Amino acid sequence: MLAKTRALVKQFVEDRHTPGAVMMVGCGRKAFGPYGMGHTSFFPDALEVGEDTIYDLASLTKVVGTTTAALLLVEAGCLSLTDTLTDFFPSVPADKADITVAGLMTHTTGISQTEFYRFLQNPDGVVKHILHTKLAFTPGTQVLYSCLNYILLAKIIEKCAGVSLDLFVNDEILEPLGMESTYHNPPTELYERIAYTEWCPFEKRFLRGCVHDENSRFLGGVSGNAGLFATAGDLGVFARMLLAEGAHGPKQFLHPATVRLIRTDRTPHLQESRSIGWQMKGKGFSSGGDLISPSAFGHTG
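Here the structure is a predicted model, which is why all the values come from computation and not from measurement.

Turning next to the overall build of the protein chain. Helix and strand content of the protein chain: nine helices and 11 strands. Buried residues in the protein chain amount to 48% of all 301 residues. The contacts of the protein chain with a sequence gap of at least 6 include a subset with a gap of at least 24, amounting to 60%. Looking at the protein chain as shown, the accessible area adds up to about 14800 Å², and 54% of this sits on carbon and sulfur atoms.

On to the state of the cysteines, then. Summed over the entire model, instances satisfying the criterion amount to zero disulfides. The thiol sulfur of C210 is not disulfide-bonded, and the nearest other cysteine sulfur, from C200, lies at 8.1 Å.

With respect to the helices, strands and loops of the structure, T114 is situated in the loop between α3 (101-106) and α4 (126-131). Other than its neighbours up to four places away in sequence, T114 contacts H129, T133, L148 and N215.

Time to look at helix α8 (residues 232-243). Given 3.6 residues per helical turn, the α-helix brings residues three or four places apart onto the same face. Given a rise of 1.5 Å per residue, 12 residues ought to cover 16 Å, and the 16 Å separating the end C-alpha atoms of α8 matches this to within 8%. The complete set of buried residues in α8 reads A232, G233, D234, G236, V237, F238, M241 and L242. Positioned one or two residues after α8, E245 has a phi angle of 60 degrees, which is positive.

Further remarks concern the packing of helix α2 (residues 60-75) against helix α5 (residues 147-161). Where α2 contacts α5, the two axes come as close as 10 Å, and the packing angle between them is 40 degrees. On the basis of their axis angle, the class for α2 and α5 is oblique. Note on packing geometry: the crossing formed by α2 with α5 is left-handed. Where α2 approaches α5, its residues K62, T66, T67, A69, A70 and L73 are matched on the opposing element by C147, Y150, L153, A154, I157, C160 and A161. Across the contact of α2 with α5, the residue classes break down as 10 nonpolar, two polar and one charged.

Calculation notes
- Residues numbered from 1 in each chain as written.
- Predicted model: local features only at pLDDT ≥ 70, side-chain atom pairs only at ≥ 80, totals over all residues.
- Heavy atoms only, no water.
- Helix = DSSP H or I, 4+ residues; strand = E, 2+ residues; numbered from the N terminus.
- Buried < 20%, exposed > 50% of the residue type's maximum accessible area, 1.4 Å probe, protein only.
- Contact = heavy atoms within 4.5 Å.
- Areas by Shrake-Rupley, 256 points an atom, 1.4 Å probe, with all protein chains shown as cover.
- Disulfide = S-S within 2.5 Å.
- Expected span 1.5 Å × (residues − 1).
- Axes fitted to C-alpha atoms, helices over the stretch in contact; angles between N-to-C directions.
- Parallel < 35°, antiparallel > 145°, perpendicular 65-115°, else oblique.
- Left-handed = near helix turned anticlockwise from the far one by under 90°.
- Nonpolar A, V, L, I, M, F, W, Y, C, P; charged D, E, K, R; others polar.

As structure tokens, this is what we get:
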């Protein structure tokens with residue numbers, strides 16, 4: 001099965017659907033890979049992808065960084081999933097006053113996506129803009145995936161932690177787990193290890209080592225929705241910790257009860273299955289495919 005999967009990924013790269021890829025599979029305490037294939041871009045002189053190639057994680061930032069940071073603060077008693085926006089921000093409009101931290105993390109707030117990088121003058125106006133965005137529905141009645149939920153969540157985390165999101169993620173998640181090749185705004189000396197992301201029509205350049213998400217880039221590459229870069233190996237460390245009920249080696253990084261939150265469907269009655277931060281298999285469409293376990297949880301990036 002492993003050989004067949006590697007062959008499929010290799011064929012996908014050879015058919016030029018992507019310039020390169022890194023594959024890694026784990027089962028229990030065993031890990032297979034990372035296996036690098038292809039190149040870091042379609043440019044003729046592009047470097048080959050290796051096990052140490054770094055990729056823009058995009059929305060995996062939401063679960064690896066922001067969700068985990070919020071849950072660590074919950075464990076520490078500094079944050080509650082039932083806290084509302086009014087506990088953190090002044091002058092919250094009445095239609096959003098009862099939105100909870102759990103609502104942000106399950107994407108049930110009704111706050112829809114906007115491209116605020118196109119019209120805001122500076123990052124200081126982002127929270128006010130989000131709080132005054134017209135809701136798409138009454139909070140709690142539907143699921144609507146929106147980066148703005150996690151941008152607000154990051155602001156809440158920073159208020160509770162007393163430091164910026166990138167410092168908290170680095171000190172409380174990356175360093176304890178030994179994720180040494182995971183960064184916000186990776187240093188330029190690492191750019192040769194970083195795969196190109198895309199052509200940015202807004203900035204008229206190919207992006208490499210700079211977060212592809214425009215709203216996150218407007219916020220300096222440190223935001224709750226996107227901004228992390230990492231290797232497949234580092235993501236494997238993180239995934240194995242969750243599969244081990246929060247244990248990392250001899251230490252307990254997350255409490256097993258916290259991991260159960262991640263694995264519990266909070267929206268079984270709605271059109272999409274969501275746990276705290278993560279997407280569940282559910283009854284409808286799943287980005288993980290039709291054959292994954294009903295108890296599976298994951299996220300795309």
